[in-house]
Amino acid sequence: MSTGKHSESRVVTFRGVDDLSLVGDEWNADAPPDRPVVLLLHGGGQNRHSWKNTGQILADQGLRVIALDSRGHGDSDRSPSANYSIEALCGDVVQILNQLARPVVLIGASMGGLTGILAAHEAGPDLVTKLVLVDVVPRFEKSGSARIRDFMFNHVHGFDSLEQAADAVAEYLPHRTKPRSAEGLKKNLRLRDGRWYWHWDPAFLTKPEDDPFMRVEKLEHAAMNLTVPILLIRGKLSDVVSTEGVQDFLEKVPAAEFTELSEAGHTAAGDDNDAFTEVVVEFVNR
């Protein structure tokens, strides 16, 4: 049920662990307090702008929506100690939940989904009332995850032009139609000394001990102890979440609902935005 008017976003700042500044886009700050806040958590190497369409559509439903830049990503502070562990990310989210002091629906993609599992467990059902996991389960496919890290590593030294960056993305996401213009990438890149660099801290990749794959049992334990409604969304073309991984998760977390998007890969929200948003809106509004 849309409000009929288009909501505008504004930039907001929260304080995370170690007093890091965490930047977000917020819609409908004055939404009625009887409706949940939706907090959107992006994947590794992305930023809040990857949620732009989803955030806008949820906001047009009259919901208060916040799309966050995780530590080390986008306009949020870099960690001085290069601490990008899932525990640090979770700590930031729990701080934000306490600052909001309102029931929140967490929607997390990839790294953001794993963060969401831990944060929902730590914050409890009064603060986190629903959880949406976008193409991620604790037992994800290491080969698909390695392909993401390889893509990030291979381009850590930047690009000569936006077009070169667009070509690299098109090669990495062959199932997605390549945009006619590369201008949209300006949200994800920054120009320094004549080269375009991804807008995240390269130190994010340098500590193997921060790999969430090392936390599988901890993440599973947290997920199995959640009592709130959970929706797992998989992109059918994903190489990060397998059908076996989904089956394993649903056996361990039987209360979770599952839906699969036939035209989407790991970056499900951007691959098939209409289908993705329809599923999410229905779940949030239920």
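Values in this document were obtained by computation on a predicted structure and should not be read as measured data. (Residues numbered from 1 in each chain as written. Predicted model: local features only at pLDDT ≥ 70, side-chain atom pairs only at ≥ 80, totals over all residues. Heavy atoms only, no water.)

**Quick word on the packing of helix α2 (residues 86–100) against helix α3 (residues 111–123)**
- For the pair α2 and α3, interaxial distance at closest approach is 8 Å and the crossing angle is 60°. The angle between α2 and α3 places the two elements in the oblique class. Of the two elements, α2 crosses α3, and the hand of that crossing is right-handed. Together, I86, L89, C90, V93, V94 and L97 of α2 and M111, L114, T115, L118, A119, E122 and A123 of α3 make up the contact between the two elements. (Axes fitted to C-alpha atoms, helices over the stretch in contact; angles between N-to-C directions. Helix = DSSP H or I, 4+ residues; strand = E, 2+ residues; numbered from the N terminus. Parallel < 35°, antiparallel > 145°, perpendicular 65-115°, else oblique. Left-handed = near helix turned anticlockwise from the far one by under 90°. Contact = heavy atoms within 4.5 Å.)

**Quick notes on the sheet that holds strand β1 (residues 9–15)**
- An order of β1-β2-β4-β3-β5-β6-β9-β10 is seen for the 8 strands of this open sheet, with the pairing classed as mixed. Two strands bound the open sheet, and with one partner strand each, they are β1 and β10 (257–261). Sheet twist, expressed as the mean angle between neighbouring strand axes with direction ignored, is 20°.
- With respect to the sheet, helix α7 (residues 243–252) is in contact with β6 (128–134), β9 (230–235) and β10, its orientation differing from that of β9 by roughly 170°. (Pairing = 2+ DSSP bridges.)

**Digging into the nonpolar core**
- Core analysis: the largest hydrophobic core is formed by 63 residues, its most contacted members being L39, L106, L133, L189 and F249.
- Per-element accounting of this core gives the leading share, 8 residues, to α2.
- With near-sequence residues (within four places) excluded, L133 lies in contact with G108, G113, I117, I230, L231, L232, I233 and F249. (Core = buried A, V, L, I, M, F, W, Y, C linked by side-chain atoms within 4.5 Å. Buried < 20%, exposed > 50% of the residue type's maximum accessible area, 1.4 Å probe, protein only.)

**As for the side chain of S79**
- Secondary-structure assignment places S79 in the loop between β4 (64–68) and α2.
- S79 gets classed as buried once you look at its relative accessible area, which sits at 7%.

**Quick notes on the pairing of β1**
- Note: β1 against strand β2 (residues 21–27), 7 bridges, orientation antiparallel. Note on β2: the bridge partner recorded for S9 is W27.
- Counted between consecutive antiparallel strands, the loop separating β1 from β2 contains 5 residues, among which D18 sits at a positive phi close to 60°.

**Topic: the packing of aromatic side chains**
- A complete count under the given rule lists 6 aromatic pairs for this structure.
- Plain terms: the ring middles of F151 and Y172 are 4.3 Å apart, the flat faces sit at 15° to each other, and that makes the pair stacked. You can see F151 sitting in helix α4 (residues 142–154) and its partner Y172 sitting in helix α5 (residues 162–172), a full 21 residues away along the chain.
- Looking at Y172, the relative accessible area reads 13%, which means it is buried.
- Taken together, F151, F159, Y172 and W198 form an aromatic cluster joined through their ring pairs.
- Positioned above the aromatic ring of F283, the side-chain terminus of K130 is 5.2 Å from the ring centre. (Phe/Tyr/Trp six-rings, centres within 6.5 Å; stacked < 30°, edge-to-face > 60°. Lys NZ or Arg CZ within 6 Å of the ring centre and 35° of its normal.)

**A closer look at α7**
- For α7, the complete set of buried residues consists of G245, V246 and F249. Seen from one end, α7 has its buried residues packed into an arc of 100°, which puts them on one side. For α7, the exposed residues set more than 90 degrees away from the buried face come down to E244 and E251.
- Buried residues along α7 sit against β6, α6 (216–224), β9 and β10. (Arc of directions from axis to C-beta.)

**Things to note about the environment of S50**
- Secondary-structure assignment places S50 in the loop between β3 (37–41) and α1 (52–59).
- Placed 95 residues apart in sequence, S50 and S145 show a C-alpha to C-alpha distance of 19 Å.
- Among the polar contacts made by the side chain of S50, one reaches the main-chain carbonyl oxygen of N47 at a distance of 2.8 Å. (Polar contact = N/O pair within 3.5 Å; in protein donor to acceptor, adjacent residues only side chain to side chain.)

**As for unusual backbone geometry**
- We note that N28 has phi near 55°; this positive angle belongs to a residue other than glycine.
- Along the polypeptide, N28 turns up in the loop between β2 and β3.
- At S110, a position not held by glycine, the phi torsion is positive, near 55°.
- Its location among the elements puts S110 in the loop between β5 (104–109) and α3.

So yeah, pure geometry; function would need other evidence.
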